[in-house]
Amino acid sequence: MTSNTSVPDRQLPDDLISEMASLSSKVVSADFLILVEALKTRFGSSLEAVLLYGSCLRSHEIGDGVVDFYAVVNSYSEAYPEHYLAVLNAWLPPNVFFLEASAQERKFRAKYAVVSMADFEQGTQHWFHPYLWARFAQPSRLLYARDETVRMRVNRALAHAVITFLEASLPLLESPAVSAEAIWTNGLTQTYAAELRPERSTRARQLVELNLDDYARLTRCAASALAETLEVLPDGNYRCLTGAAERRGSLWRWRLRRWQGKILSVLRLSKAAFTFHDSINYAAWKIERHTGVRVEVTPLLRRHPLLWGLKVSWRLLRRGVMR
């Protein structure tokens, strides 16, 4: 059963909710829906929604890539027949799994993260760490929603993610007058630094440039909810109204998020060894794809994925690939 109890939240601008609803409902390739049907089969009546995000969304095709999904479920106990998976998901959401589906002699692959509706709503609005609100402030697609109530809850959560993202990152802007491009580049740079992400330093700017029109509209729509922080200028740019004291507080919070993110990343990597089929090979492929750094997977390290994760993280940190 779908819960009708939403997370108590701040007032959201109606046009921001509408903008996120419009973005999330844009048409995608039918190939993605083959994987969605596999998720519906996997979770049955516990599945509330499926969101597409990541590199395959940006390229508009699957190709030989691995699609990124979030599967939103009504509760962990109903989503899993295995009690230990429900416990792991509740302890440190999300759980991450690998999925393959075939159609017309083609094979499609995805990794999907499982999160409850309650955690999704909390994570896009109230979590200290940006793990969810940074991901879903960015464009995504809602490929499945159980009903209109679920659709509305997801779109409100996406709108909250934008507000949370901007509230957290605006105080770190060095210039008081900025463009939407500078706002989002700054924010994504800070959120990437808060995770053990194997991303190049230019990645945030590249992502913003790919969807600059979307980010510009989202900033305009969110501005009325950030009136004490962000002033809209006549030329379409913005003035950040935060003072020195708020900037110092924000710097401290982001330092804490970076330390928290490193710990959470190692814990999630360890947990994925129990849920993600062939997780070591996938992680090695992902790191090489994003950084050009090839990491060896030895038989010993394959048997001890936590040791592999620690070794690789230390190597990339020393080389300055992950900060």
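What counts and what doesn't
Residues numbered from 1 in each chain as written. Predicted model: local features only at pLDDT ≥ 70, side-chain atom pairs only at ≥ 80, totals over all residues. Heavy atoms only, no water. Helix = DSSP H or I, 4+ residues; strand = E, 2+ residues; numbered from the N terminus. Buried < 20%, exposed > 50% of the residue type's maximum accessible area, 1.4 Å probe, protein only. Contact = heavy atoms within 4.5 Å. Pairing = 2+ DSSP bridges. Axes fitted to C-alpha atoms, helices over the stretch in contact; angles between N-to-C directions. Core = buried A, V, L, I, M, F, W, Y, C linked by side-chain atoms within 4.5 Å. Expected span 1.5 Å × (residues − 1). Polar contact = N/O pair within 3.5 Å; in protein donor to acceptor, adjacent residues only side chain to side chain. Phe/Tyr/Trp six-rings, centres within 6.5 Å; stacked < 30°, edge-to-face > 60°. Lys NZ or Arg CZ within 6 Å of the ring centre and 35° of its normal.

Enquirer: Tell me what's going on with the overall build of the protein, and back it up with residues and numbers.
Expert: A tally of regular secondary structure across the protein gives 15 helices and 8 strands. Classification of the 323 residues of the protein by burial places 54% in the buried group. Here the analysis covers contacts within the protein between residues at least 6 apart in sequence; of these, 71% occur between residues at least 24 apart.

Enquirer: So what's going on with the sheet that holds strand 1 (residues 47-53)? Which residues, and what values?
Expert: With respect to topology, 5 strands assemble into an open sheet ordered 3-4-2-1-5, the strand pairing being mixed. At either margin of the open sheet sits one strand with a lone partner, and together these are strand 3 (95-103) and strand 5 (141-145). For this sheet, the mean inter-axis angle between neighbouring strands, taken without regard to orientation, is 30°. Relative to strand 5, strand 1 runs antiparallel, the two being bridged by 4 bridges. Across the sheet, Val50 pairs through a bridge with Tyr144, a residue of strand 5. Running at roughly 75° to strand 4 (residues 106-116), helix 6 (residues 117-125) makes contact with strand 1, strand 2 (66-73) and strand 4 of the sheet.

Enquirer: I'd like a description of the nonpolar core, backed by residues and values.
Expert: Core analysis: the biggest nonpolar cluster contains 86 residues, and Phe43, Phe69 and Trp184 have the highest contact counts within it. Top contributing element to this core by residue count: helix 8 (residues 148-169), with 11 residues. Those residues within four positions of Phe43 in sequence are excluded, and the remaining contacts are Ala71, Val73, Ala79, Tyr80, Tyr112 and Val114.

Enquirer: Can you explain unusual backbone geometry? Please cite residues and give values.
Expert: Between Pro93 and the following residue, Pro94, the backbone shows a cis peptide bond with an omega angle of 0°. Its identity is not glycine, yet Gln104 carries a phi of approximately 50°, on the positive side. Relative to the helices and strands, Gln104 is located in the loop between strand 3 and strand 4. Its identity is not glycine, yet Glu105 carries a phi of approximately 60°, on the positive side.

Enquirer: Describe the environment of Ala222, with residues and values.
Expert: Within the element layout of this structure, Ala222 appears in helix 11 (residues 212-222). Using a relative accessible area of 0% as the deciding quantity, one classes Ala222 as buried. Each C-alpha atom of the pair Ala222 and Pro13 lies 6.7 Å from the other, and the pair is 209 residues apart in sequence.

Enquirer: So what about the side chain of Ser116? Which residues, and what values?
Expert: Mapped onto the fold, Ser116 is located in strand 4. On the accessibility criterion, Ser116 (6% relative accessible area) is buried. With sequence-adjacent residues up to four places away left out, Ser116 is seen in contact with Val72, Val73 and Tyr76.

Enquirer: Just give me the short version of helix 8, but keep the residues and values in it.
Expert: Between its first and last C-alpha, helix 8 extends 32 Å over 22 residues, near the 32 Å set by a 1.5 Å rise per residue. Most of helix 8 is tucked away: 16 of the 22 residues are buried. Measuring from the side-chain oxygen of the N-cap residue of helix 8 to the backbone nitrogen of Thr149 gives 3.1 Å; that N-cap residue is Asp147.

Enquirer: How would you summarise the packing of aromatic side chains if you had to cite specific residues and measurements?
Expert: Overall, the coordinates contain 11 aromatic pairs when judged by the stated rule. Taken together, a centroid distance of 5.6 Å and an interplanar angle of 55° make the contact between Tyr53 and Tyr70 tilted. Of this pair, Tyr53 sits in strand 1 while Tyr70 sits in strand 2; the two residues are 17 residues apart in sequence, bridging distant segments of the chain. The same class applies to Tyr53 as to Tyr70, namely buried. Their ring planes at 35° and their centres at 4.5 Å tell us that Trp184 and Tyr215 sit as a pair that is tilted. Residue Trp184 is found in helix 9 (residues 180-193), and its partner Tyr215 is found in helix 11; the two are separated by 31 residues along the sequence. With a relative accessible area of 0%, Trp184 lands in the buried category. Tyr215 sits in the buried class, given a relative accessible area of 1%. One aromatic cluster in this structure is built from Phe43, Tyr80, Phe97 and Tyr112. Between the NZ or CZ atom of Arg257 and the centre of the ring of Trp254, over which it lies, the distance is 4.5 Å.

Enquirer: Would you mind going over the pairing of strand 4 in detail, with residue names and values included?
Expert: Within strand 4, 8 of the 11 residues are buried, leaving the element largely enclosed by the surrounding structure. Bridging between strand 2 and strand 4 involves 8 bridges; their strand directions are parallel. Bridge pairing in strand 4 links Phe69 to Tyr112. In terms of strand pairing, strand 3 meets strand 4 through 9 bridges, oriented antiparallel.

Geometric descriptors of this kind do not, in isolation, establish any biological role.
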